[in-house]
Amino acid sequence: MINLKDKKILVTGGSRGIGKEIVNFLLKAGAEVMFTYHSNYDKANETLKLFKKAGFKCFMSKSDVSDLESNQQLFKEVQEKLGGLDILINNAGITKDNLLLRMTLDQFDSVVKTNLRGVWMTCKVFLKMLLRSSNGKIINIASVSGIMGNAGQSNYSSAKAGVIGLTKSIAREYASKGLKVNAVAPGFTVTDMTERLNENQIQLALKSIPLGKMGSTEDIAGAVLFLASDLSNYITGQTIVVDGGMVMPI
Ligand code: NDP
């Protein structure tokens, strides 16, 4: 039922984890996708080869979401390889966890720079291109940390809460032009990012998840696929929480 044929989509941080699964789902639905990576060329190239071997129209680019010049270069590549853009998916993100007392200024700044400023900047650079699409969409990957907070993540949860506010603001600014802007907030999802958690942290997390298990990358990619599709055309400014029931707003 979901058909993304001829849709041109950019996914930041699509070389591994949640981003890679999103790219996989989009390609299988018929989209043309460019994904970015930041520093791990080998992993990104392995991902590209996998998708190319399957016959998909997929491209890759090295880029730093938080850097203006890098985004401008990416813009040129998207124009050249895809010839325009219908959907921007801001997925790239990092963590540098520490309790407030021990957190350094650099740990705070670098996480906010990548996870919030990066999303803002990529939206800004690609906005005009998206407005030229007949059904432009932005999908931002936030986090439950940005909704409920998380001990050890004052940097990360600040940035992700910011992404939710940013999503709503851009949705309001450009709804009249037909642009839809939404977010997906994953809970604990099995990727390299959560591999860093110790057994104690995992057990604590599991206790707080009503469905009793961590999410998979497929769980997150499914929600993104829905937002990318025409099924969600009347939805904007929303955050879809995909967390096994951990956050249940009153
Ligand atoms: P991973 O660490 O597995 O992958 C991160 C991706 O982002 C990689 O492709 C990485 O490229 C890329 N990246 C990192 N920094 C930059 C940058 N400055 N510019 C461009 N790309 C960059 O992360 P996940 O898949 O776990 O997370 C994906 C998103 O989901 C993130 O926004 C994260 O905050 C969010 N999220 C994840 C949760 C989880 O439990 N895993 C829970 C809630 C939200 P490279 O490998 O080259 O560095």
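How each quantity is defined
- Residues numbered from 1 in each chain as written.
- Predicted model: local features only at pLDDT ≥ 70, side-chain atom pairs only at ≥ 80, totals over all residues.
- Heavy atoms only, no water.
- Near = heavy atom within 4 Å.
- Polar contact = N/O pair within 3.5 Å; in protein donor to acceptor, adjacent residues only side chain to side chain.
- Areas by Shrake-Rupley, 256 points an atom, 1.4 Å probe, with all protein chains shown as cover.
- Helix = DSSP H or I, 4+ residues; strand = E, 2+ residues; numbered from the N terminus.
- Nonpolar A, V, L, I, M, F, W, Y, C, P; charged D, E, K, R; others polar.
- Salt bridge = Lys/Arg side-chain N within 4 Å of Asp/Glu carboxyl O.
- Buried < 20%, exposed > 50% of the residue type's maximum accessible area, 1.4 Å probe, protein only.
- Pairing = 2+ DSSP bridges.

In the vicinity of the ligand, 30 residues are found, and the nearest of them are Arg16, Ser39, Asn91, Tyr156 and Thr191. With respect to the ligand, the backbone of Asn91 contributes an N or O atom lying 2.7 Å from an oxygen atom. Protein burial of the ligand: of its 910 Å² of free accessible surface, 96% is covered by the chains. Contributing elements (two or more residues each) for the shell around the ligand: helix 1 (17-28), helix 6 (154-174) and helix 7 (192-195). Looking at the shell around the ligand element by element, the count peaks at three residues for helix 7. Each residue belonging to the shell around the ligand can be placed in one class, and the counts come to eleven nonpolar, 15 polar and four charged.

Let's shift gears to the pattern of salt bridges. Counting across every chain of the model gives five salt bridges. Measuring nitrogen to oxygen at the nearest pair gives 3.7 Å for the salt bridge that ties Glu32 to Lys8. Here Glu32, found in strand 2 (residues 32-37), pairs with Lys8, found in strand 1 (residues 8-11); they are 24 residues apart in sequence, far enough to count as distant. Its salt-bridge partner being Glu46, residue Lys43 comes within 3.2 Å of it at the nearest N-O pair. Of the two residues, Lys43 and Glu46 are both situated in helix 2 (residues 41-53); the distance of three residues between them amounts to about one turn of the helix. A relative accessible area of 22% places Lys43 in the partly exposed class. The network of salt bridges with shared partners includes Lys8, Glu32 and Lys57.

Before going further, it helps to examine the pairing of strand 4 (residues 87-90). Of the two faces of strand 4, the one carrying Ile87 and Ile89 and the one carrying Leu88 and Asn90 are both buried. Relative to strand 4, strand 1 runs parallel, the two sharing three bridges. Bridge pairing in strand 4 places Leu10 opposite Leu88. Across four bridges, the pairing between strand 4 and strand 5 (residues 137-141) is parallel. Bridge pairing in strand 5 places Ile89 opposite Ile139.

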